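Survey of secondary and tertiary structure
So you can see what is in the structure, the chains are spelled out below.
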Amino acid sequence: GVRHSSARFGERTLELRQDSRRDDDGVWPDHVAAPRAFLAVQSQWRVTLGPRGCVHHGLDYAGAEAGLRLAGIDPDPDLWTQVRIIESGAEAALNEA
């Protein structure tokens, strides 16, 4: 499943466990393509630094598309919609505090 790893350099990162079992916070095998795609581009955030610290504004879509293609992932519209849903949750988590 998808889990938050420990904070590194002040950022939260996600990791995808490789086991195919599903536990309470896991991802069903049929749905693993979207988290894998997101993890392939999780470094492509648009970020600003201000008085309140680092603010994540969403993925840089040109960088994300290039990253997906370089990872051998075809970002079809359905997959991209799922990645954007994950992006929305990740953005909220990264900006909380």
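Let me begin by describing the structure that accompanies this report. Only a predicted model underlies this, so the values are computations on that prediction, with no experimental measurement involved.

1. Concerning the overall build of the protein chain
Looking only at helices and strands, one finds three helices and four strands in the protein chain. Sequence-ordered secondary structure for the protein chain, helices as α and strands as β, is β-β-α-β-β-α-α. Relative to its full complement of 97 residues, the protein chain shows a buried share of 28%. Surface accessibility of the protein chain: about 6700 Å² in total, with carbon and sulfur atoms responsible for 52%.

2. Remarks on the environment of Gly72
Assignment of secondary structure puts Gly72 in the loop between helix H2 (61-70) and helix H3 (77-95). In sequence terms Gly72 and Ala37 are 35 residues apart; their C-alpha atoms lie 9.7 Å from each other.

3. A short note on the packing of helix H1 (residues 33-40) against H3
Orientation of H1 relative to H3, taken along the N-to-C sense of each, is 65°, at an axis distance of 9 Å. In terms of their interaxial angle, H1 and H3 are classed as roughly perpendicular. Handedness of the H1/H3 crossing: right-handed. Where H1 abuts H3, its residues Ala33, Ala34, Pro35, Ala37 and Phe38 lie against Leu79, Gln82, Val83, Ile86, Glu87 and Ala90.

4. Let's talk about the packing of aromatic side chains
Using the criterion set out here, one finds two aromatic pairs in the structure. For the pair Tyr61 and Trp80, a centre-to-centre distance of 5.0 Å together with 85° between the ring planes defines the contact as edge-to-face. With a gap of 19 residues between them, Tyr61 in helix H2 and Trp80 in helix H3 connect regions that are remote in the sequence.

5. Structural notes on the environment of Ala62
Tracing the backbone shows Ala62 in helix H2. Distance from Ala62 to Gln44, taken between C-alpha atoms, is 9.0 Å for residues 18 residues apart in sequence.

6. Quick look at the pairing of strand S3 (residues 45-50)
Note: S3 against strand S4 (residues 53-59), six bridges, orientation antiparallel. If you follow Arg46 over to S4, its bridge partner there is Gly58. Hairpin connection from S3 to S4: two residues lie between these consecutive antiparallel strands.

7. Comments concerning the nonpolar core
Formed by 13 residues in total, the largest nonpolar core has its most connected members in Phe38, Trp45, Leu59 and Val83. Those elements that place two or more of their residues in this core are H1, H2 and H3. A total of five residues in this core trace back to one element, the largest contributor, which is H3. The contact partners of Val83, leaving out residues within four places of it in the chain, are Ala34, Ala37, Phe38 and Leu59.

Reading the values: the criteria
Residues numbered from 1 in each chain as written. Predicted model: local features only at pLDDT ≥ 70, side-chain atom pairs only at ≥ 80, totals over all residues. Heavy atoms only, no water. Helix = DSSP H or I, 4+ residues; strand = E, 2+ residues; numbered from the N terminus. Buried < 20%, exposed > 50% of the residue type's maximum accessible area, 1.4 Å probe, protein only. Areas by Shrake-Rupley, 256 points an atom, 1.4 Å probe, with all protein chains shown as cover. Axes fitted to C-alpha atoms, helices over the stretch in contact; angles between N-to-C directions. Parallel < 35°, antiparallel > 145°, perpendicular 65-115°, else oblique. Left-handed = near helix turned anticlockwise from the far one by under 90°. Contact = heavy atoms within 4.5 Å. Phe/Tyr/Trp six-rings, centres within 6.5 Å; stacked < 30°, edge-to-face > 60°. Pairing = 2+ DSSP bridges. Core = buried A, V, L, I, M, F, W, Y, C linked by side-chain atoms within 4.5 Å.

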